[in-house]
Amino acid sequence: MAEYSCKDFKVGKCEGEKIVDGEIMPLVLNPIEPNKNDIKSLLESLDNNKEWFDNMITKNSAVLLRGFDVKNAQNFNDIVETFGWEDIRYVGPAPRTHIYKRVWTANEGPLSEFIYFHHEMVLIKEFPKKVILYCEIPPPEGGETPFVPSFRVTERMIEEFPEIVEEIEKKGLKYTFTAPSKNDKASMRGRGWEDAFGTSDPAEAEKRAKALGMEMEWLPNGGVKTILGPRYLTRVFEGRKGRRMWFNTLVGMYGKDISSAMMFDGTEIPENFVKRCEEIIEEESIQFKWQKNDVLFLDNFATLHARRPSLPPRKVLVATCK
């Protein structure tokens, strides 16, 4: 355990943790002593061990701070700002509200919906390196944020479908997505294009979409169909043992009412390939029950994450960093 050791934190355990390729996921860090659980002590400990902590997020893909008195969005923001990581603005379909400085609500779509596994902002040219989640109000039932070591999905898909994986790798992926003009909170993907692109001027929205690598087709109802591609199926990121990450949102967007996924040249992707991928992602998933004041750091290059359906109330806040 030497490499985990740090005089300011105690390594803990949580239900649902797994050992994947020799690493504990998530790595749980508790206060070194029960009386050292206040926010001031935590901020000091993080400040003294910034590099170590950052390395742990990359090494273990997920780090869970548990047992600290993180009272509110301000405390959470202080934790995020300790590291000096650059902020990255969220671009995507989820309805979200700004809370405080770098802190936003996580997806505000209905709690009864399952938000499917994804790498955050995987379709955008610039995506966060870290996704940090803070549990202010744990749900009475459900509402977990399961995550998946992405490289395991690639390994297993290559084992079972080597030819299709290779074909998609060669051609790239093409996605389409339909957005309304105004936000629709009744949908977990109901963010309107005006909010998403920060403008109500269609010409300006198109310009901003282009900068993010998207084409747009306007719909008669004022909504828009965005077309993205070619996009990766897998990616290898530096400092992560050469692992090939399943860096796509194929399962989440394939064959849906408002979205589609195919090969970039228009070739259909076999349904059994997508179905099997969905099963593998579920089998590889890791989940724990949220506790009040938990702070979860995810390496967004290495993990897909999701949200299980939940009974209210549930309040999880998020910050995304470069």
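Residues numbered from 1 in each chain as written. Predicted model: local features only at pLDDT ≥ 70, side-chain atom pairs only at ≥ 80, totals over all residues. Heavy atoms only, no water.

### Comments concerning helix 7 (residues 202-211)
An α-helical turn contains 3.6 residues, so any two residues separated by three or four positions project in the same direction.
Okay, step 1: Between the side-chain oxygen at the start of helix 7 and the backbone nitrogen of Ala 203 there is a gap of 3.1 Å, and the oxygen is on Asp 201.
Okay, step 2: Backbone geometry just downstream of helix 7 places Gly 213 in the positive-phi region, at approximately 85°. (Polar contact = N/O pair within 3.5 Å; in protein donor to acceptor, adjacent residues only side chain to side chain. Helix = DSSP H or I, 4+ residues; strand = E, 2+ residues; numbered from the N terminus.)

### Description of the pattern of salt bridges
Okay, step 1: Inspection of the entire model under this criterion finds 35 salt bridges.
Okay, step 2: Measuring nitrogen to oxygen at the nearest pair gives 2.6 Å for the salt bridge that ties Asp 69 to Lys 71.
Okay, step 3: A relative accessible area of 52% means that Lys 71 is categorised as exposed.
Okay, step 4: When the shortest N-O distance is used, the salt bridge between Glu 284 and Arg 152 registers 3.3 Å. Taken together, the residues span a long stretch of sequence, with Glu 284 in helix 9 (residues 271-284) and Arg 152 in helix 4 (residues 150-160) at a distance of 132 residues. (Salt bridge = Lys/Arg side-chain N within 4 Å of Asp/Glu carboxyl O. Buried < 20%, exposed > 50% of the residue type's maximum accessible area, 1.4 Å probe, protein only.)

### Regarding the packing of aromatic side chains
By convention here, two paired aromatic rings are described through the distance between centres and the angle between planes.
Okay, step 1: On inspection of all chains with the given rule, the structure shows 21 aromatic pairs.
Okay, step 2: Seen from their ring centres, Phe 114 and Tyr 116 are 5.8 Å apart, and the 85° between their planes marks the pair as edge-to-face.
Okay, step 3: Owing to a relative accessible area of 27%, Phe 114 belongs among the partly exposed residues under this scheme.
Okay, step 4: The structure contains a cluster of three or more aromatic residues connected by ring pairs, namely Phe 9, Trp 52, Phe 53, Phe 68, Phe 83, Trp 85 and Phe 297.
Okay, step 5: Over the face of the ring belonging to Tyr 90 we find Arg 96, whose NZ or CZ atom lies 3.8 Å from the ring centre.
Okay, step 6: Against the face of Phe 151 rests Arg 243, its NZ or CZ located 4.1 Å from the ring centre. (Phe/Tyr/Trp six-rings, centres within 6.5 Å; stacked < 30°, edge-to-face > 60°. Lys NZ or Arg CZ within 6 Å of the ring centre and 35° of its normal.)

### Points about the sheet that holds strand 9 (residues 130-137)
Okay, step 1: If you walk across this open sheet you meet the eight strands as 1-4-5-17-9-19-7-6, and the pairing is mixed. The sheet is open, and its two borders are formed by strand 1 (9-12) and strand 6 (98-100), each paired with just one other strand. Sheet twist, expressed as the average angle between the axes of neighbouring strands with direction ignored, equals 30°.
Okay, step 2: Sheet topology places strand 9 next to strand 19 (residues 315-321); seven bridges connect them, and they run antiparallel. Bridge pairing in strand 19 links Tyr 134 to Leu 317.
Okay, step 3: Packing of helix 2 (residues 50-60) onto the sheet brings it into contact with strand 1, strand 4 (27-31), strand 5 (62-65), strand 9 and strand 17 (295-299), and relative to strand 5 it is tilted by some 125°. (Pairing = 2+ DSSP bridges. Axes fitted to C-alpha atoms, helices over the stretch in contact; angles between N-to-C directions. Contact = heavy atoms within 4.5 Å.)

### Some details on the UniProt feature "domain: TauD/TfdA-like" (unreviewed entry) in the protein
Okay, step 1: The UniProt feature table records "domain: TauD/TfdA-like" (unreviewed entry) at residues 34-317.
Okay, step 2: Regarding residues 34-317, the helix share stands at 30% and the strand share at 24%, and the terminal C-alpha atoms are separated by 25 Å. (UniProt positions renumbered as here; feature names shortened; annotations may be inferred.)

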